[in-house]
Amino acid sequence: MGAVPFVLFSIVACLSGMENAAGIQKSGGRLLKYILLFRVASTAIAFGLMHVFRPGAGVKMIAPSVETVQGSTMSLTGMLMNLVPANLIRPLLEGDMLQIIVIAVILGVSIGMAGAKILRDVFRELTAVFMRATRIFMFIVPLAIFCSVASMIIKTGVDTLLSVLGILLILIAGYILLNIFFCIAVKVRTGLSPLIMLRKS
């Protein structure tokens with residue numbers, strides 16, 4: 001509810017606010033490139049950590065309902081083709097973040113090149129609104145997570161808590177590794193201090 005509109009509006013507002021058409025196109029292209037790099041790096045780190053540590057292995061969870069999850073594979077070409085959505089609405093409804101970012105880049109670049117100042121101001125105001133909304137969500141989320149974990153423990157037993165803690169530790173390790181990767185990338189690519197990126201993010 002919060003992430004999708006915030007990402008969409010903030011990227012559109014950022015790119016549409018640039019005055020130089022060449023700068024807008026260059027920034028949009030760089031953003032897409034780094035999004036792809038982020039996706040590949042984060043997927044590689046996630047699969048690597050899960051393969052090495054295998055959290056939850058051996059834990060038998062008994063859930064009220066069981067759903068069969070079909071596995072799927074996608075080639076690099078398929079992933080690139082999947083970047084461009086078939087329509088504007090489906091990615092927003094399904095929360096497909098990569099397609100939402102592509103939509104935002106295209107909209108932001110288009111608004112900036114067209115010089116549509118009213119639309120640019122609208123997206124800036126929407127970004128400010130959803131920044132506030134995100135802060136409200138952050139007060140609610142811990143309670144929702146607590147209730148969700150408590151419900152899971154009641155239904156499946158205390159053993160699953162250790163498995164969840166293992167997944168949480170691996171998630172934290174993944175974020176740390178990903179940030180190290182990008183700090184190195186920032187230093188190598190730009191020569192700037194990664195501390196600036198960490199401070200701003």
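Our structure is the block above this text.
Residues numbered from 1 in each chain as written. Predicted model: local features only at pLDDT ≥ 70, side-chain atom pairs only at ≥ 80, totals over all residues. Heavy atoms only, no water.

Asker: So what's going on with the overall build of the chain? Which residues, and what values?
Answerer: The helix and strand inventory of the chain stands at eight helices and zero strands. Counting helices and strands in the order they occur from the N terminus, the chain gives α-α-α-α-α-α-α-α. Burial status across the chain gives 24% buried among its 201 residues. When contacts within the chain are restricted to residue pairs at least 6 apart in sequence, those whose partners lie at least 24 apart make up 71%. Put simply, the chain shows about 14,200 Å² of open surface, and 71% of that area lies on carbon and sulfur atoms. (Helix = DSSP H or I, 4+ residues; strand = E, 2+ residues; numbered from the N terminus. Buried < 20%, exposed > 50% of the residue type's maximum accessible area, 1.4 Å probe, protein only. Contact = heavy atoms within 4.5 Å. Areas by Shrake-Rupley, 256 points an atom, 1.4 Å probe, with all protein chains shown as cover.)

Asker: Quick one: what's the story with the packing of helix H1 (residues 3-16) against helix H5 (residues 97-114), residue by residue and with numbers?
Answerer: The relative placement of two packed helices comes down to the angle between their axes together with the axis-to-axis distance. At a minimum axis separation of 7 Å, H1 and H5 run at an interaxial angle of 30°. With respect to each other, H1 and H5 are oriented roughly parallel. Every pair of crossing elements has a handedness; the one defined by H1 and H5 is right-handed. Residue-level inspection shows Ala3, Val4, Val7, Leu8, Ile11, Val12, Leu15 and Ser16 of H1 in contact with H5, the latter providing Met97, Ile100, Ile101, Ile103, Ala104, Val105, Leu107, Gly108, Val109, Ile111 and Gly112. Here the residues of the contact of H1 with H5 sort into 16 nonpolar, three polar and no charged. (Axes fitted to C-alpha atoms, helices over the stretch in contact; angles between N-to-C directions. Parallel < 35°, antiparallel > 145°, perpendicular 65-115°, else oblique. Left-handed = near helix turned anticlockwise from the far one by under 90°. Nonpolar A, V, L, I, M, F, W, Y, C, P; charged D, E, K, R; others polar.)

Asker: Go over H5, please, and point to the residues and values.
Answerer: An ideal rise of 1.5 Å per residue puts 26 Å on 18 residues; H5 measures up with 25 Å between its terminal C-alpha atoms. Every buried residue of H5 is listed here: Leu98, Gln99, Ile100, Ile101, Val102, Ile103, Ala104, Val105, Gly108, Val109, Ile111 and Gly112. Of the residues flanking the end of H5, it is Gly115, one or two places downstream, whose phi is positive at about 70°. (Expected span 1.5 Å × (residues − 1).)

Asker: Explain the packing of aromatic side chains residue by residue, including any values.
Answerer: Applying the stated criterion to the full structure yields four aromatic pairs. Consider the rings of Phe9 and Phe123, whose centres lie 5.8 Å apart with planes at 55°: the pair is tilted. In this pair, Phe9 is assigned in helix H1 and Phe123 in helix H6 (residues 117-156), connecting sequence segments 114 residues apart. For the ring pair Phe181 and Phe182, a centre distance of 5.2 Å and an interplane angle of 90° mean the geometry is edge-to-face. On the basis of relative accessible area, Phe182 is assigned to the buried category, the value being 14%. Members of the aromatic cluster, each reached through a chain of ring pairs, are Phe9, Phe123 and Phe130. (Phe/Tyr/Trp six-rings, centres within 6.5 Å; stacked < 30°, edge-to-face > 60°.)

The analysis is restricted to geometry; functional conclusions fall outside its scope.
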